[in-house]
Amino acid sequence: MAQRRNQMDSGKLSCSICLDLLKDPVTIPCGHSYCMNCINNHWDEDQRKIHSCPQCRKEFKPRPILVKNIMLADLVEDLKKTGLQAAPADHCYAGPEHVACDVCTGRKMKAIKSCLSCLASYCENHLQAHNNVPGLKKHTLVNPSKNLQENICSRHDEVMKIFCRTDQQCICYLCTMEEHKGHESVSAAAERAEKQKELQESRQQIHQRIQDQEKDVKLLQQEVETINVSADKAVEDSEKIFTELIHLLQERSSEVKQQIRSQQETEVSRVKDVQEKLEQEITELKRKDAELEQLSHTEDHNQFLLNSPRLPTLSESTHSSSINIRPLRHFEDVTAAVSELRDKLLDILRDGSKNMPLKINDEDVLVPEPKSRAGFLKYSTEITLDPNTVHNMLLLSDGNRKVTRLEQQQSYPDHPDRFTYYAQVLSRESLTGRCYWEVEIRGEGKATVHVAVSYKNISEGRSDECLFGLDDQSWSLYFDTNSYTFYHNNTKTPVPGPVSSRIGVYLDHRAGILSFYSVSETMTLLHRVQTRFTQPLHAGIWLLGNKSYVEFIKPK
């Protein structure tokens, strides 16, 4: 307790100029005490010849006559006898990495504040005047800064308190009368406020981007888990089935397992690649956010404005915030294919065939056809018709999703893709992968329509050979009010099934599957084609009945 009291006394008996114990202490008229040499030197060095107190700034006229304060001198001597040091601890002194007090003489103390009005930095002792003197209380104090001189105009040696929006730089009031005359200028504080709003908006965008992509990362992780579970289940089921045929199917079992694992690795690698890139982008966004946060806390307007032109621009994300998660069924089709293979093999064995080759096609294993309308709708594709292919007896409407057969010809510009012999039209979109669409057929009289898919180059024909279904370039389902007929390569195949004005078309280009369905309250398969497509396909319509129309609808 006594040691603490002595330390407190040593602080009270220190000179606020040299920060050491008072030497030949003198007390000036305002009541503050200093070393005699310190206060004399302070007044001698004052170029304004104003004799004022360094702490409270009170001025004295004439210059006070200094007389040693005997009582303080005795107290200092008593304190010295205790062996305590009045000098502050070393950690209070300014090092190369610190901002030093501009008032301290000799060894300088660390500044705790910088004044944007005085353009000087002050330690705790020398800052007292800014806390006590009314005029100084209005000055703007910020955290210690080594860059105060950057606030001075190099041309006019004035404080730069104005921001030129024309040239995007800080200037002084004299600059507005000379080289920046007529420019759009505002106060630095006003520009700071505007830039602060932009900064906050950027941070909000970054935060939203982080949240969206973190959600996407979670969804991708769920898909990885689903892939792994589905793959493990497929392997387990496959092994059980092949156990029944172990002597005949050991080699095939190994091949199927390898297919599953290869697909699993591919799918997991794809998802993890996207996940890794998203996590990297999140890390980068957080780094940018940290930079913006640090800049937002800059109290020096000019420093904020000097750095604000380098604000990072929030670019578009590399990946969409809406991740297209694939259906959860990844490998269930493997089990189905192997089960079917087992049944076929048992039939073969019963018939005595032992040499039939066993082969599981990649398309058969990896691309199952949906079992319900909800499953088909996952592959719903928006179809629009191409005005460059439409025959002049047809009229497109409703955003080129509806085509109507007219009684009079329309005037369309010549185009090499336009059908000129029969009232046909192709879709604008080229179809690959898995696609599904539905058409609604209507008419005032008898509606007769070909619903087709075709290669693009069929429209280059100018004869009967370009008709849908009459060559090997197209596949067509003919519809009238009573029945269906399928056409391909000039071969006609009657198609039984319930007649409906709505027809669904499912295409799996990779697997070579094309299916036509009658759509009502339920879906009924009308005809399925298994082939090998060599080019992208286009949806096609051939309208025969006048005043009839076909519309590509958006399934719900």
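Remember, it's a predicted structure, so these values are computed and weren't measured experimentally.

Reading the values: rules and limits
Residues numbered from 1 in each chain as written. Predicted model: local features only at pLDDT ≥ 70, side-chain atom pairs only at ≥ 80, totals over all residues. Heavy atoms only, no water. Helix = DSSP H or I, 4+ residues; strand = E, 2+ residues; numbered from the N terminus. Buried < 20%, exposed > 50% of the residue type's maximum accessible area, 1.4 Å probe, protein only. Contact = heavy atoms within 4.5 Å. Areas by Shrake-Rupley, 256 points an atom, 1.4 Å probe, with all protein chains shown as cover. Phe/Tyr/Trp six-rings, centres within 6.5 Å; stacked < 30°, edge-to-face > 60°. Salt bridge = Lys/Arg side-chain N within 4 Å of Asp/Glu carboxyl O. Expected span 1.5 Å × (residues − 1). Arc of directions from axis to C-beta. Polar contact = N/O pair within 3.5 Å; in protein donor to acceptor, adjacent residues only side chain to side chain. Pairing = 2+ DSSP bridges. Axes fitted to C-alpha atoms, helices over the stretch in contact; angles between N-to-C directions.

Student: Could you give me a rundown of the overall build of the protein chain, with the residues and numbers involved?
Tutor: Along the protein chain, the regular secondary structure elements total 11 helices and 21 strands. Looking at the protein chain residue by residue over its 556 residues, the buried ones come to 43%. Restricting to contacts in the protein chain with at least 6 residues of sequence separation, those with at least 24 account for 61%. Carbon and sulfur atoms make up 47% of the accessible area of the protein chain, which amounts to about 31,000 Å² in all.

Student: Explain the packing of aromatic side chains to me, and be specific about the residues and the numbers.
Tutor: For any two aromatic rings, the description comes down to two numbers: the centre-to-centre distance and the angle of the planes. By the definition in use, this model includes 11 aromatic pairs. Judged by centre distance (5.9 Å) and plane angle (45°), the rings of phenylalanine 479 and tyrosine 484 are tilted. Both residues of the pair, phenylalanine 479 and tyrosine 484, count as buried. Each member of the aromatic cluster is reached from another via a ring pair, and the members are Phe376, Tyr379, Tyr436, Tyr506 and Tyr517.

Student: Please set out the pattern of salt bridges residue by residue, giving values where relevant.
Tutor: If you walk through the whole model with that rule in mind, you get 27 salt bridges. Shared partners join several salt bridges into a network, and the residues in it are Arg373, Glu438, Glu440, Arg442 and Arg502.

Student: Outline helix H3 (residues 70-81), listing residues and values.
Tutor: In this model H3 runs 17 Å from its N-terminal to its C-terminal C-alpha over 12 residues, within 8% of the 16 Å that 1.5 Å per residue would give. Those residues of H3 lying buried are Leu72, Ala73, Val76 and Leu79. Burial along H3 is one-sided: seen end-on, the buried residues are contained in an arc of 125°. Away from its buried face, by an angle of more than 90 degrees, H3 presents the exposed residues Ile70, Met71 and Lys81. The distance from a side-chain oxygen at the start of H3 to the backbone nitrogen of methionine 71 is 3.3 Å, and the residue carrying that oxygen is asparagine 69.

Student: For the sheet that holds strand S6 (residues 162-164), give the residues involved together with the corresponding values.
Tutor: Read from one edge to the other, the open sheet built from three strands follows the order S7-S6-S8, with strand pairing classed as antiparallel. Each of the sheet's edge strands pairs with one partner strand only, and the pair in question is strand S7 (169-171) and strand S8 (185-187). Neighbour-to-neighbour, the strand axes of the sheet open up by a mean angle of 35°, direction not taken into account. Judged from the three bridges that link them, S6 and S7 form a sheet pairing that is antiparallel. Within S7, the residue paired with cysteine 164 across the bridge is glutamine 169.

Student: Got a sec to walk through the environment of arginine 528? Specific residues and values, please.
Tutor: Note on placement: arginine 528 falls in strand S19 (residues 523-530). Between the C-alpha atoms of arginine 528 and leucine 507, which are 21 residues apart in sequence, the distance is 9.9 Å. Here the side chain of arginine 528 touches glutamate 369 through a polar contact of 2.9 Å, side chain to side chain.

Student: Now, about the pairing of strand S13 (residues 449-455): what can you tell me, with residues and values included?
Tutor: In the case of a regular strand, side chains alternate between the two sheet surfaces. In terms of burial, S13 is a largely internal element, seven of the seven residues being buried. Going residue by residue along S13, you find Val449, Val451, Val453 and Tyr455 tucked away on one face and His450, Ala452 and Ser454 tucked away on the opposite face as well. Across seven bridges, the pairing between S13 and strand S20 (residues 537-543) is antiparallel. In the strand pairing of S20, histidine 450 is matched with tryptophan 542.

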